[in-house]
Amino acid sequence: MTTTTDTAPSAPGALPLIGHAGRLARDRLGFLEEVRALGPVVRIRLGRTPVHVVSAPELVQRMLVAGNGVEFDKGGPFFDQAAQLVGDGLSTCLAGPHRPMRAALRPVFARYQLPHHTERFRDCAVEVTSAWRSGQVVEPYTEMKRFAVAVLARTLFLAPEDRQAVEAVQRNVPVMLSALATHMMVPGSNRLPTPENWRNARASRETRAAVAAMVRRRMSDPVDHHDLMSALVPPDRPDAYTEQEVFDQVITFFIGGTETMSSLLSWTLHLLSRHREEYERLETELDEVLGDRPITYQDLGRLTYLRRVINESLRLHPPVWLLSRVVLVDTELGGHPLPAGAGLLFSPYALHRDPDVFAEPGRFDPDRWIEDRIERRHREAFIPFGAGARRCVGDAFGLAEAQTALAVILRDWRVRPSPGGIPEPLLRMTMRPQGERLVLDRRTDRAPSTGAGVLPGE
Ligand code: HEM
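Residues numbered from 1 in each chain as written. Predicted model: local features only at pLDDT ≥ 70, side-chain atom pairs only at ≥ 80, totals over all residues. Heavy atoms only, no water.

1. Considerations on the nonpolar core
Formed by 115 residues in total, the largest nonpolar core has its most connected members in Ile44, Phe157, Met229, Val250 and Leu410. Ranked by the residues each element gives to this core, the list is headed by helix 11 (residues 243-273), at 14 residues. Among residues more than four places away in sequence, those in contact with methionine 229 are Leu156, Phe157, Asp162, Met214, Val215, Arg218, Val246 and Val250. Of all hydrophobic cores here, the second largest spans 18 residues; its members include Val54, Val60, Val327 and Leu351. (Core = buried A, V, L, I, M, F, W, Y, C linked by side-chain atoms within 4.5 Å. Buried < 20%, exposed > 50% of the residue type's maximum accessible area, 1.4 Å probe, protein only. Helix = DSSP H or I, 4+ residues; strand = E, 2+ residues; numbered from the N terminus. Contact = heavy atoms within 4.5 Å.)

2. Here we look at the sheet that holds strand 8 (residues 343-346)
Taken in spatial order, the five strands of this open sheet run 1-2-8-5-3, and their pairing is mixed. Looking along the sheet, the strands with just one partner apiece sit at the ends: strand 1 (41-46) and strand 3 (72-73). Direction of pairing for strand 3 relative to strand 5 (residues 323-327): antiparallel, over a ladder of two bridges. Within strand 5, the residue paired with aspartate 73 across the bridge is valine 326. (Pairing = 2+ DSSP bridges.)

3. Re the environment of alanine 37
Note that alanine 37 resides in helix 2 (residues 28-38). The class of alanine 37 is exposed, set by a relative accessible area of 66%. Along the primary structure alanine 37 and alanine 14 are separated by 23 residues, whereas in three dimensions their C-alpha atoms are 17 Å apart.

4. Digging into unusual backbone geometry
The phi dihedral of phenylalanine 78 falls on the positive side, at around 70°, and the residue is not glycine. Structurally, phenylalanine 78 is set in the loop between strand 3 and helix 4 (79-86). Phi is positive for histidine 226, close to 55°, though the residue is something other than glycine. Mapping histidine 226 onto the fold places it in the loop between helix 9 (195-219) and helix 10 (228-232). What makes histidine 226 exposed here is its relative accessible area of 55%.

5. Digging into the packing of helix 7 (residues 140-155) against helix 17 (residues 395-412)
Packing of helix 7 against helix 17 leaves a shortest axis separation of 12 Å and a crossing angle of 125°. By the criterion of interaxial angle, the relationship of helix 7 to helix 17 is oblique. In the packing of helix 7 onto helix 17, the handedness of the crossing is right-handed. Residues Met144, Phe147, Ala148, Val151 and Thr155 of helix 7 form the contact with helix 17, whose own contacting residues are Phe397, Glu401, Ala405 and Ile409. (Axes fitted to C-alpha atoms, helices over the stretch in contact; angles between N-to-C directions. Parallel < 35°, antiparallel > 145°, perpendicular 65-115°, else oblique. Left-handed = near helix turned anticlockwise from the far one by under 90°.)

Purely geometric numbers; function is a separate question.
And the structure:
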């Protein structure tokens, strides 16, 4: 370990009471890129609290891989607020309880399940697009959210009686996320009697009651549905977890699986609608690989250009744009001492747009992901799903889901920007294109797909 007493440089422009919080609130992405340019580890202040921003890929990797659970753990700026929402779920629990919890939930996302899941992804995409009409203007985020919620309902919450809980979570989570965004930006605002907090309390009560009812029903359900709920309430050990523990996991997976996915898909549609050449290449690939057949898991490996488009979308607009950690023991990063308890921030967005790693970082160039052009520094800096033991448990599931959705959509539909749509990144727990409107045209240059139909009984 390098030992040194050199403190990390401070970012200029801190104001007396708020530090850099105002700057961060006004232009978060711009600020994170500015801080990256100042050095691999830079000190900022959020209010009176000093925070270190880590922007060097190799240091972020050390934090997430070798140092995870030893020198660094979940925690740091904004973490407490997020934990208020998702409690001690898989994404927020500390390293100790994390290992057994992850082992228990991992099988739900095992690779052997993906062919089956892919059929569900396809059904859900067919269902969402079957309501579309040529010439219709849509907000892609809303449409893709509909898709992502349907997917969770058909893969993770499979018992017919789970539906009520899924609907309650779907209705209430946006209210809770919006309140969370305010609490993160305005410290202490969670204790004020505002209409937003009142709505938040009601949403949280309603969700809790619906999930509790689902857990009770599952406790007396002898069937193993091979889904998330059967992992959380195993038929042979229905009291393996407390009701609170199950609640935390349901909210964690719901947010983890829907907010990120709708963000990724809507940014990808946005990018394609503005890059004609890349869009045409993708349409050609889809027509050649799929023809008129319903897409299957085996096709995903052949849709190589689509995969590159998704990677490039994740690079330019990582849905999870800011993450934090806490220092467990006195240590150092990049030669700068860090005391136990120090808060750390790192931004996949800033890493993905580092001009020292990615040439012309603002350019949409899916071909930078051609296998033999990818160097070690690219892999290190590209962290849309995080890295190490806390890497996204739904990464392969999510990639298959995104590929399937985009293949179903773009084989039959062409998207173009609507004149009124001016997309701006809306930065919450995830980053999404706010204000984007796309016009849908049914593709007439190919025969309509026979599709997969929807599940019987739906
Ligand atoms: C585009 C899709 C997705 C993106 C970009 C994404 C991103 C991420 C990132 C960056 C992390 C790591 C956070 C950290 O290091 O602090 C993470 C963790 C997690 N994600 Fe995802 N995710 C996606 C899809 C999903 C899906 C589909 C699910 C589940 C249905 C999911 C569930 C989770 C969970 C439970 C964790 C916590 C894992 C752990 O700590 O063991 N994510 N995700």
